[in-house]
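Chain by chain, the residues run as shown.
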Amino acid sequence: QGRIHQIEYAMEAVKQGSATVGLKSKSHAILVALKRASSELAAHQKKIIPIDDHIGVSIAGLTADARLLSNFMRSECLNSRYAYDSPLPVSRLVSAVGNKSQIPTQRYGRRPFGVGLLVAGYDDQGPHIYQTCPSANYYDCKAMAIGARSQSARTYVEKHLDKFLECSLDELIKHGLRALRETLPQEVELTTKNCSLGIVGKDMEFTIYDDDDVQKYLAMIEGEERSRAAPPADQAAMDTQEGEGQQPADPQPADPAVEEQGMEH
Amino acid sequence: MEATFGSTEFWRNGPQPGALYKFPGHVNTTQASQIGAAKRTLAPTVTGTSVLGLCFDGGVIIAADMLGSYGALARYRNLSRVMKVNDSAAIGISGDYADYQFMKSVIEQRVIDEECLNDGFQYTPKSLFSWMTRVLYNRRSNFNPLWNTFIVGGVQDGEPFLGYIDKIGVAYNDPTIASGYGAYIAAPLLRDAFEANPKMSLAEAEKKIDECMKVLYYRDARSLNKYEVAIVTKDGTMIKSPIVSETNWEVAHMIKGYE
């Protein structure tokens, strides 16, 4: 049917990773990510990776593949700075990633990279959000969310899209956190442990906020009503089943959501 | 080496009468004849002399005469030694003309490739300057220099930029730049003019350049009284060609001692 299944499988890996959202205003581009811990004992997996002073990425999917791609991106950025004494335009970096990702989709014995990236960057043309796929496609986005249950985040972002351009940075972050919150199952909240924030802008180098640094922003959206409020106690038991496979579509409000465990984060 | 140390026959491989004895531990040296055709530029063939660069209010001027010297012979008298790169950058070249032609084709191809990308980014004077520095320094480090001095100029973020890159990878930027004999003769003139009036107009700058090119024609024995000028402003790059200065040789008869 003209489908390359290996690529579709790789894109599945991205959909299984935990959610991450990217949005931009006139002056800044931000990434918010939900960090997942593989067990109670493990630390929450880092989702946002700095690439250069003006670019950062957040990942969804196979962390190992993400590491490879981000190393490559760092190398490209550094080489460009060394040769041309100026930051690499984000569009050029993303197309370099696309070209690199295409090779294993066509070469014998190789497999596509099982990771999707949200690239946030700032260059002479302003702030950018790009999405990259294992299929080697890349998309210039006004805002985007990828990962598990990201459709809810995309819906939120689409609803509020017109506000983003003129937003202040704090407002933009609040929107990002709210969008991320949409992807959470009931009873799970954004905490300083599971939430990560990355910001880049006109006079701001790419900065990552983790743990306590996020608290300030979480406080801004505390107490706000969620569209998917926690159900009464008798339903709570259904939420904690793990390892039983995931519902293919995003669950409707009040349906229990099941967390997927594994190497994807 | 094994043979000399391990064996007990010390009388083998001794010096031959009339031949150059290869002492133990000698390094093989290859002579030019063994290499074959020269693979590296050891001396320039057709050369260009000085290039001048001057910043004015809102842009830069780069000037170079149109002579290609074949040693002491003024052989090619209509060579262009300034080149437009794009709407924000231009370069002027002194030194070996063939190496310039090579660099020119490389730069032109890169500009084309960038146009094909069509993504709104183009080489800025500083990025061009930085890239060329890397290339020239790399070549010198491999003992295979491009025997040139490049003057890179343009407008970046509204500010004029002028840079100098040597065949040995020396690179710097300054509001006034001169290569070759220009560094000795014209640079002081350009510096005085710039320090007196950093925001001079295009007309004043052109006048100053003409004055310097005139002095160079009087004093540099490998120069020509016909030159070109590349002017870069926020409105783009243009090349004015040819310009001939008015010279005055009235005092010539007073100079004695060089007959």
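Residues numbered from 1 in each chain as written. Chains lettered and ligands numbered in written order. Predicted model: local features only at pLDDT ≥ 70, side-chain atom pairs only at ≥ 80, totals over all residues. Heavy atoms only, no water.

- Naming follows an unreviewed UniProt entry, where chain B appears as Proteasome subunit beta of Magallana gigas.
- The Function (unreviewed entry) comment attached to chain B in UniProt states, word for word, "Non-catalytic component of the proteasome." (UniProt positions renumbered as here; feature names shortened; annotations may be inferred.)

- For chain A, the name recorded in an unreviewed UniProt entry is Proteasome subunit alpha type-1, with Magallana gigas as its organism.

**Some thoughts on the overall build of chain B**
Working step 1: A tally of regular secondary structure across chain B gives six helices and 13 strands.
Working step 2: What you see for chain B is a C-alpha radius of gyration of 24 Å, clearly larger than the 18 Å of a compact globule of 259 residues, by over 25%.
Working step 3: Dimensions of chain B along its principal axes, counting C-alpha atoms only, are 85 × 60 × 30 Å.
Working step 4: When burial is assessed residue by residue, chain B has 41% of its 259 residues classed as buried.
Working step 5: Within chain B, residue pairs in contact and separated by at least 24 positions form 63% of the contacts whose partners lie at least 6 positions apart.
Working step 6: Split by element, the accessible area of chain B, about 15100 Å² in all, is 54% carbon and sulfur.
Working step 7: With 26 positive and 28 negative side-chain charges, chain B shows a separation of 7 Å between the mean positions of the two kinds. (Helix = DSSP H or I, 4+ residues; strand = E, 2+ residues; numbered from the N terminus. Rg over C-alpha atoms; globule rule 2.2 N^0.38 Å. Buried < 20%, exposed > 50% of the residue type's maximum accessible area, 1.4 Å probe, protein only. Contact = heavy atoms within 4.5 Å. Areas by Shrake-Rupley, 256 points an atom, 1.4 Å probe, with all protein chains shown as cover. Lys, Arg positive; Asp, Glu negative; His and termini not counted. Charge placed at Lys NZ, Arg CZ, Asp CG, Glu CD.)

**Focus: the nonpolar core**
Residues and elements named next belong to chain B.
Working step 1: By size, the foremost hydrophobic cluster in this structure holds 34 residues, and its most contacted members are Leu52 and Ile209.
Working step 2: Those elements giving two or more residues to this core turn out to be β2 (51-56), β3 (59-65), β8 (148-156), β9 (159-165), β11 (176-178), α5 (181-196), α6 (202-219) and β12 (227-233).
Working step 3: Contacts of leucine 52, omitting those with residues within four sequence positions, involve Ile61, Ile62, Ala63, Ile177, Ala178, Gly182, Ala186, Leu190, Ile209, Cys212, Met213 and Leu216. (Core = buried A, V, L, I, M, F, W, Y, C linked by side-chain atoms within 4.5 Å.)

**Thoughts on the pairing of β12 of chain B**
Residue and element names in this part refer to chain B.
Working step 1: Within β12, six of the seven residues are buried, which leaves it mostly tucked inside the rest of the structure.
Working step 2: In the sheet, β3 pairs with β12 via seven bridges, with the strands oriented antiparallel. Bridging across to β12, alanine 64 finds its partner in glutamate 228.
Working step 3: When β12 meets strand β13 (residues 236-243), the two strands line up antiparallel, connected through six bridges. Paired with tyrosine 227 across the strands is isoleucine 243, a residue of β13.
Working step 4: Where β12 folds back onto β13 in an antiparallel hairpin, the turn is made up of two residues. (Pairing = 2+ DSSP bridges.)

**A short note on the state of the cysteines**
Working step 1: Taken as a whole and assessed by the stated rule, the structure comprises zero disulfides over all chains.
Working step 2: Here cysteine 195 of chain A is not cross-linked by a disulfide; its sulfur's nearest cysteine counterpart is in cysteine 167 of chain A, at 17 Å.
Working step 3: According to the relative accessible area criterion, cysteine 195 of chain A is buried, its value standing at 0%.
Working step 4: Here cysteine 55 of chain B is not disulfide-linked; the sulfur of cysteine 212 of chain B is the nearest cysteine sulfur, at 14 Å. (Disulfide = S-S within 2.5 Å.)

**Considerations on empty space enclosed by the protein**
All names here are of chain B.
Working step 1: The full count for this structure, using the stated rule, is one cavity of 30 Å³ or more.
Working step 2: For the largest cavity, the calculated volume is near 60 Å³.
Working step 3: Surrounding the largest cavity, Thr49, Ser50, Asp65, Met213, Leu216, Tyr217, Asp220, Ser223, Leu224, Asn225 and Tyr227 form its lining.
Working step 4: The dominant element in the lining of the largest cavity, judged by the number of residues it contributes, is α6, at three residues. (1 Å grid on protein atoms, 1.4 Å probe; cavity = no way out; pocket = protein on both sides within 12 Å on 5 of 7 lines; lining within 4 Å. Points joined across faces, edges and corners; volume = space filled by probe spheres on them.)

**Remarks on the sheet that holds β11 of chain B**
Residue and element names in this part refer to chain B.
Working step 1: Strand order in the open sheet formed by five strands is β11-β2-β3-β12-β13, with antiparallel pairing between adjacent strands. The sheet terminates laterally at β11 and β13, the two strands that pair on one side only. Direction aside, neighbouring strands of the sheet carry axes that sit 15° apart on average.
Working step 2: Lying over the sheet, α6 contacts β2, β3, β12 and β13, oriented at roughly 160° with respect to β2. (Axes fitted to C-alpha atoms, helices over the stretch in contact; angles between N-to-C directions.)

**A short note on the interface of chain A and chain B**
Working step 1: The partner chain B presents twelve residues to the ten residues of chain A that form the contact.
Working step 2: Contact between chain A and chain B buries roughly 970 Å² in total, counting both sides, with carbon and sulfur atoms accounting for 52%.
Working step 3: Summed over the shared surface of chain A and chain B, the number is two salt bridges.
Working step 4: Looking at the side of chain A that touches chain B, the elements with two or more residues in it are α2 (63-84) and α3 (90-102) of chain A.
Working step 5: For the side of chain A that touches chain B, a count of residues per class yields four nonpolar, two polar and four charged. (Buried area = accessible area lost by both parts, 1.4 Å probe. Salt bridge = Lys/Arg side-chain N within 4 Å of Asp/Glu carboxyl O. Nonpolar A, V, L, I, M, F, W, Y, C, P; charged D, E, K, R; others polar.)

**Some details on the layout of surface pockets**
Working step 1: Of the volumes computed, that of the largest pocket is approximately 1100 Å³.
Working step 2: In terms of lining residues, the largest pocket is bounded by 37 residues, among which Ser86, Pro87, Leu88 and Pro89 of chain A together with Phe121 of chain B are the most central.
Working step 3: Those elements that place two or more of their residues in the lining of the largest pocket are α2, α3, β5 (115-123), β9 (195-201) and β10 (204-209) of chain A together with α3 (97-117), α4 (125-141) and β8 of chain B.
Working step 4: Broken down by element, the residue count for the lining of the largest pocket peaks at five residues, all from α2 of chain A.
Working step 5: By residue class, the composition of the lining of the largest pocket is 13 nonpolar, twelve polar and twelve charged.

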